[in-house]
Amino acid sequence: MALSSKLHRIKRLYSEGGVREVGQGVKRYITWNKPNWIKYELYRRKNKIKRQENLIQEFLENEDFVLIVLDACRYDYFEEIHGNYFNGNLNRAWSPQNRTPYWVPTVWNEKYDITYISASPWLDDHSYEDRETEFRPSEHFSEIINVWKTDWDPDLGTVPPEAVTESSLTHLCESESP
């Protein structure tokens, strides 16, 4: 909706019912155009769930770390089994985006001296070239290892976790050897 038509609508609402009607019109506009944003933000704040991008940036300030991002992993399912694979505390985090092609440029918006081992095609420059955006993952990481290029399983429609683990261990061994 163009600005002039919005202003015209506000003027009409004011003439029909004053400030209260304008407020109700704005509320309806927000509800119709951003129904989930407000609801989700209120839920996040009520449940004291921290923002994922802030947690990642804090984590990156550590000298030695391994950050594992489980793309499309539901917290409630992972909560049930994480103790079988990891030690330590598990905390909820609020993702800034709900789809990988939007999440990557939102979270990784600076230059990082890290190696990103990815099973997702969304960490490859061509994925963003096709979307006609200026974001290029290669400009944000020291190295990107695209495991999906070598280990994509067409029957699974993804990269098996074993391939990502193997690639990670290989990289770790190579980076620690003299």
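Computed from a prediction, not measured in an experiment: that's the story for all the values here.

A. Highlighting the overall build of the protein. When you go through the protein residue by residue, the secondary structure sums to 8 helices and 4 strands. Across the protein, helices and strands are ordered from the amino to the carboxyl terminus as α-α-β-α-α-β-α-β-α-β-α-α. Expressed as a percentage of its 178 residues, the buried residues of the protein come to 24%. Of the roughly 13600 Å² that the protein leaves accessible, carbon and sulfur atoms contribute 51%.

B. Geometry of the environment of aspartate 153. Take aspartate 153: it is sitting in the loop between helix 7 (148–151) and helix 8 (161–176). Setting aside residues no more than four positions away along its own chain, aspartate 153 makes contact with Thr158 and Pro160. Only 2.8 Å separates the side chain of aspartate 153 from the backbone nitrogen of aspartate 155, close enough to count as a polar contact.

C. Quick look at helix 5 (residues 100–107). Looking only at helix 5, the buried set comprises Thr100, Pro101, Trp103, Val104 and Val107. Projected down its long axis, helix 5 carries its buried residues within an arc of 165°, all on one side.

D. A nonpolar patch on the surface, seen in detail. On the surface, Val66, Ile68, Leu70, Ile81, Tyr85 and Phe86 cluster together into a nonpolar patch covering about 620 Å² of accessible area. As for its position among the elements, tyrosine 85 is in the loop between helix 4 (75–81) and strand 2 (93–94).

E. Local environment of the packing of aromatic side chains. Applying the stated criterion across every chain, the model contains 12 aromatic pairs. Summarising the aromatic geometry, the rings of tryptophan 108 and tyrosine 112 are spaced 5.1 Å apart at their centres and angled 90° between planes, so their arrangement reads as edge-to-face. With a relative accessible area of 1%, tryptophan 108 lands in the buried category. With a relative accessible area of 7%, tyrosine 112 lands in the buried category. A ring pair is formed by tryptophan 108 and tyrosine 116, whose centres lie 5.7 Å apart and whose planes are at 85°; its orientation type is edge-to-face. For the pair tryptophan 108 and tyrosine 116, one class covers both residues: buried.

F. Just the pattern of salt bridges, in detail. Enumeration according to the criterion identifies 6 salt bridges in this entry. Of the charged contacts, one joins arginine 45 and glutamate 41 as a salt bridge, the two residues approaching to 2.7 Å between their closest N and O atoms. Here the residue arginine 45 and the residue glutamate 41 both occupy positions in helix 2 (residues 35–46), the gap between them amounting to 4 residues, near one helical turn. Accessibility expressed as a relative area gives 56% for arginine 45, which makes it exposed. The exposure class of glutamate 41 is buried, given its relative accessible area of 9%. Notably, a salt bridge pairs lysine 149 with aspartate 124, separated by 3.3 Å at the nearest N-O pair. Pair noted here: lysine 149 is in helix 7 and aspartate 124 is in the loop between strand 3 (112–118) and helix 6 (125–129), with a separation of 25 residues, a long-range link. Judged by its relative accessible area of 12%, aspartate 124 is buried.

The rules we used
- Residues numbered from 1 in each chain as written.
- Predicted model: local features only at pLDDT ≥ 70, side-chain atom pairs only at ≥ 80, totals over all residues.
- Heavy atoms only, no water.
- Helix = DSSP H or I, 4+ residues; strand = E, 2+ residues; numbered from the N terminus.
- Buried < 20%, exposed > 50% of the residue type's maximum accessible area, 1.4 Å probe, protein only.
- Areas by Shrake-Rupley, 256 points an atom, 1.4 Å probe, with all protein chains shown as cover.
- Contact = heavy atoms within 4.5 Å.
- Polar contact = N/O pair within 3.5 Å; in protein donor to acceptor, adjacent residues only side chain to side chain.
- Arc of directions from axis to C-beta.
- Patch = residues over 30% accessible without salt bridge, like charges linked within 9 Å, V, L, I, M, F, W, Y side chains within 5 Å.
- Salt bridge = Lys/Arg side-chain N within 4 Å of Asp/Glu carboxyl O.
- Phe/Tyr/Trp six-rings, centres within 6.5 Å; stacked < 30°, edge-to-face > 60°.

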